[in-house]
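Remarks on the overall topology
Chain residues, written in single-letter form:
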Amino acid sequence: MINVLIVDDEPLARKELRRVLSKATDITVVGECSNAIDAIGVINREKPDVVLLDIQMPRVSGIEMLSMLDHEKMPHIVFLTAYDEYAVQAFEQHAFDYLLKPVNQARLDKTLQRLRRDREPQKIDQLPGANQLRQIPCFGQHHVQLVRMEEVEHVASGVSGVYVVSTDGTERPTELPLHILQDRTPLLRCHRQYLVNTDCIEKINFLENGLAEISTKRGHVIPVSRRFFPQIKERLGIL
């Protein structure tokens, strides 16, 4: 079976996609999302084989969403749009295919045939221009807060998930794993469970056994592991 996630902000478009996909006996729709932020969480949890992804969506576009995904475990991305002017941009982002809306059954069947021939998960070492994140999506009770990079003091990973700590001390959960944030933001890895904004570092305290800890301008103490200490010294110009 091929597991498919539908991501489109238009309910009628999602309904039509379900209808045309229902004709294929080897396709299972594992979910629907009306926006890119919700889709990130579903992709991380459900790990679909294919994402049918609308390009034009409010707040975060389909193309912008790709920079928030784990490119080591990227599902096949089939872009959807009503405008063929986006075709070049879509394929520059390593799209598996590109479909114009409303989706034609015969054209979709060709895409499904290609997917059947290529069932291995897609791996993208690096997206060209795989854009650095300028903001991190964080989740509240009934909203998503987009935290700008300059407002991030550090990011911590724990048993309950990954949290973004703002410069005002506010903690917010995010669906993005630490290694994605390490690759796609200026945040510096200082520990297997922490990333830090170098602009927020007040001082570095040297401990025994080659360990250290960072004190931030707000008074937070962040551990530094031996593994990451050399690159921290290089980044901060410490001899």
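Residues numbered from 1 in each chain as written. Predicted model: local features only at pLDDT ≥ 70, side-chain atom pairs only at ≥ 80, totals over all residues. Heavy atoms only, no water.

The name recorded for the chain in an unreviewed UniProt entry is Two-component system response regulator YehT, from Azospirillum humicireducens.

1. What to know about the packing of aromatic side chains
Aromatic ring pairs: the centre-centre distance and the angle between the two ring planes describe each pair. Our working definition: Each Phe, Tyr or Trp ring (for Trp, its six-membered ring) is paired with any other whose centre lies within 6.5 Å, and the angle between the two planes then decides the class: stacked below 30 degrees, edge-to-face above 60, tilted in between. Numbering of helices and strands runs from the N terminus, with a helix taken as a DSSP run of H or I at least four residues long and a strand as a DSSP run of E at least two residues long. Working definition: with a 1.4 Å probe on protein chains only, accessible area under 20% of the residue-type maximum means buried, over 50% means exposed, and in between means partly exposed. Here, a charge over a ring is recorded when the distance from Lys NZ or Arg CZ to the ring centre is within 6 Å and its angle to the ring normal is within 35 degrees.
Tallied over the full model, the rule gives 1 aromatic pair. When the centroid spacing of 5.8 Å and the interplanar angle of 50° are considered together, the rings of Phe-206 and Phe-229 count as tilted. Note that Phe-206 is positioned in strand β13 (residues 201-206) and Phe-229 in helix α7 (residues 229-236), a separation of 23 residues in sequence. Since its relative accessible area comes to 10%, Phe-229 is described here as buried. Its end group placed over the ring of Phe-229, Lys-233 keeps NZ or CZ at 5.1 Å from the ring centre.

2. Notes on the environment of Val-155
Operational definition: Contact between two residues is taken to exist if any of their heavy atoms lie within 4.5 Å; hydrogens are not considered.
Assignment of secondary structure puts Val-155 in strand β8 (residues 152-158). Separated by 34 residues in the primary sequence, Val-155 and Arg-189 place their C-alpha atoms 9.5 Å from one another. Residues in contact with Val-155, not counting those within four places in the same chain, are Val-162, Tyr-163, Val-164, Leu-178, Leu-181, Leu-187, Gln-193, Tyr-194 and Leu-195.

3. Observations regarding the pairing of strand β1 (residues 2-7)
Applicable threshold: For two strands to be treated as a pair, DSSP must find at least two bridges joining them. With strands facing away from the observer, any crossover in which the path from the first strand over the helix to the second runs clockwise is taken as right-handed.
With 5 of 6 residues buried, β1 lies mostly within the body of the structure. Note: β1 against strand β2 (residues 27-33), 6 bridges, orientation parallel. Following the sheet pairing, Ile-2 is matched in β2 by Ile-27. In this view, the connection linking β1 to its parallel neighbour β2 by way of helix α1 (residues 11-21) has right-handed handedness. Of the pairings in the sheet, the one linking β1 to strand β3 (residues 50-54) comprises 4 bridges and is parallel in character. Counted as the bridge partner of Val-4 is Val-50 from β3.

4. Some thoughts on the sheet that holds strand β14 (residues 212-216)
What counts is decided by this rule: The axes used here are C-alpha line fits, helices contributing only the stretch in contact, and every angle between their N-to-C directions lies in the interval 0 to 180 degrees.
Within the open sheet, the 3 strands sit side by side as β13-β14-β15. Their pairing is antiparallel. In this open sheet, the two strands that pair with only one neighbour each are β13 and β15 (221-224). Along the sheet, successive strands turn relative to each other by an average axial angle of 25°, direction set aside. Running at roughly 135° to β13, α7 makes contact with β13, β14 and β15 of the sheet.

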